[in-house]
Structure formats: structure tokens, C-alpha cells
Amino acid sequence: MTNDKIQVIGIDVGGTAIKLGRFADDGTCLQSLTVVSPQPTTPEAVLAVLVDAIAQIDPDNQAVAIGIGTPGPSDAAGRIAKIAINLPGWIDVPLADWLEAKTGKPTAIANDANCALLGEAWLGAGRHFQNLILLTLGTGVGGAIILDGKLFIGHQGAAGELGLISLNPDGPICNSGNRGSLEQYACATAIRRRTLKEPIELGFLAQQGDAAALTFWQEYGVNLGIGLTSLIYVLTPQAIVIGGGISGSFEFFLPSVKAEIEKRVQPLSRAGLQILPAELGNFAGIVGAAKLAWQNYSRF
């Protein structure tokens, strides 16, 4: 089998949908598929759906490896889904072992935000950088880190929870146990709590020139910029990629994000820093999972 014929499968497991793609080694998606997540989304039910979907997307059994993004941390070896707080029964699930037994293909798993950043670094907004971070602004605030071209996951695989850093010590209680985390000021729930509106509605209003919506996004950018200040001082990334559904209003909060960073971060720590919108959208997860599969397969 020549290298240009080698293919892998990237999978993004979510609570409502499971997305799959079959990829060539240059990143070309040869086929994609979205299936409805089983309800309840238990590990055993997801496994059954995955085995069926893999057979659909790779009927000729051409793929040599599988990568999977799950909504929660995996162990450092990429074998076990440690926990997914929004999926029932997902505690220490040996998903890689299960799928390898069912498919015979080497399988690796990672946090879905880590997969999204791998995707953006491979084919999206981060492809020109060796040191970058991703913030996903959605139902929660996820994050991921690439240092010197490699995904940084920490000694137990749980690094990169960038949305859980402290922003206000007396702020709203977070599911993590923290108070006033960045997530509590930047996620969709926080926006609804403050404005009684959906983020997409506020984005539409801002596009129409609505003064209250424009003011909201300016204040949103201030909080986001303050949170990013801490991350920049620690990681000094070349780029910060902003994804997730709320990033649709990127143009409205970017100016105040930049202003806050310029005010708070020493020039040396932010030299050349670029703040960019993610480019791959909902596709980032399966692209990054495919990259994870390539990396895992190349170790054999």
C-alpha cells in the first residue's frame, strides 16, 4: 500500500450528534457522515453506533487507524475517556480498547477541544504557528494548547482547561468547583444569564447596529481579554484561535479583547501575537481526530 492510499477515520463524539470523516494523508476528506447520538448516550450505546457508522464510512475497509474526540479529558496515553460530565456513565471508559477489539484498527482518543486545535493547526487558522492556544466559546469554554508544534496535555492528560482559570474570586459558581471562572463570563449560559438573549440574537442585533448589543460585546471582550492576559503571560503563544458558536460575533468583541491585552500585557510577552477566528467550524473536531489517528499510526 503506497502512502497516498493510506486513509484514517476521524470521529467527533457529541451529546446530540456523532460526526465521522475518512481522510487521506494530505487532509482531504474523502467521505463524511453525521449520525444522531443514541439516547441515553451511554458508552455501550455509543460504541454500537460507532461500529455501525465506521462500517458505513469505510465500506471497503481502507482506513488503517482511528482517532476520536470525546467531550472530556482522556488519559495521557489516549486510551481511556476519563469523564464526560454531560454524557451518562462516562467514567474511565476504555474506548480505544473497545474500538480496537471491534475494528482491528489502532485507535487513539483525546479531548474534543484538543482535537479541534489539532485540526486548526493542521489545516486551519493555526497552520503557520508552532505555539498557539485555542479557546472554544460555546455552551462552556474549552481550551487547548500546542507548544513547539506538539499538543500539550500535561502529565495526566487533563491540561488545557483554559476556560476554568479564575477571573473573579467572588463570581458565579462553576461546575468545576471554582468561582468566577472565565467560563462563567464567556459561555453561552453566562450570556443568557446576563442579557436574557441568545448569543446568536445578540450577534444579529450588533450587525444591525443595535447600541445595547454593541455595548454588550464590547464588555464581553473586556472580560475575555482579561482572561487571555493570564494565559498569554504563562504561555506567550504566537496565536490565539477563537472558535465555538459565540465566535460568530468575533468582529464585535475583538477590538476590546485587543485593547485589554495591550493595556495589561508587557510588549515582550505579546510580541507578534495574533488573535484569529477559527476556520474549520464544526469540521475541526473530525479533522483533528484524523490528525490524532495519523500521529498514533506513525508510532507503529
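Note: the structure precedes this text.
Computed from a predicted model, the values in this text were never measured in an experiment. (Residues numbered from 1 in each chain as written. Predicted model: local features only at pLDDT ≥ 70, side-chain atom pairs only at ≥ 80, totals over all residues. Heavy atoms only, no water.)

## Observations concerning the packing of aromatic side chains
Applied cut-off: Stacked, edge-to-face and tilted labels apply to pairs of Phe, Tyr and Trp rings (six-membered ring for Trp) whose centres lie within 6.5 Å, assigned for plane angles under 30 degrees, over 60, and everything in between, in that order. Every helix listed is a DSSP run of H or I at least four residues long, and every strand listed is a run of E at least two residues long, numbered separately from the N terminus. Any residue under 20% of the maximum accessible area for its type is buried, any over 50% is exposed, and the rest in between are partly exposed; the area is computed with a 1.4 Å probe on protein chains only.
Throughout the structure, instances matching the rule amount to seven aromatic pairs. Measuring from centroid to centroid gives 5.3 Å for Trp217 and Tyr220, while their planes differ by 75°, and the two rings are edge-to-face. Taken together, the residues span about one helical turn, with Trp217 and Tyr220 both in helix α7 (residues 211-235) at a distance of three residues. Of the two residues, Trp217 and Tyr220, neither departs from the other in class, the shared state being buried. An aromatic cluster is present here, built from Phe216, Trp217, Tyr220, Phe250 and Phe253 joined pairwise through their rings.

## Regarding empty space enclosed by the protein
Put simply, the test is: With a 1 Å grid spanning the protein atoms alone, the term cavity applies to any set of points in which a 1.4 Å probe fits but cannot get out, the term pocket to an open set with protein on both sides within 12 Å along at least five of seven lines, and the term lining residue to any residue with an atom within 4 Å of a point. Grid points are joined across faces, edges and corners, and a volume is the space filled by probe spheres set on the points. Classes in brief: Ala, Val, Leu, Ile, Met, Phe, Trp, Tyr, Cys and Pro nonpolar; Asp, Glu, Lys and Arg charged; the others, Gly included, polar.
The full count for this structure, using the stated rule, is one cavity of 30 Å³ or more. Roughly 50 Å³ of volume is contained in the largest cavity. Taken together, Pro73, Asn111, Asn114, Gly143, Gly157, Ala158, Ala159, Gly160 and Glu161 make up the lining of the largest cavity. In the lining of the largest cavity, the residues fall into three nonpolar, five polar and one charged.

## Description of the layout of surface pockets
In this model, the second largest pocket occupies a volume close to 550 Å³. Residue lining of the second largest pocket: 28 residues in total, with Leu118, Lys150, Leu151, Leu292 and Gln295 positioned closest to the centre. Elements with a minimum of two residues in the lining of the second largest pocket: β7 (107-111), α3 (112-123), β10 (150-151) and α9 (284-298). By residue class, the composition of the lining of the second largest pocket is 13 nonpolar, ten polar and five charged.

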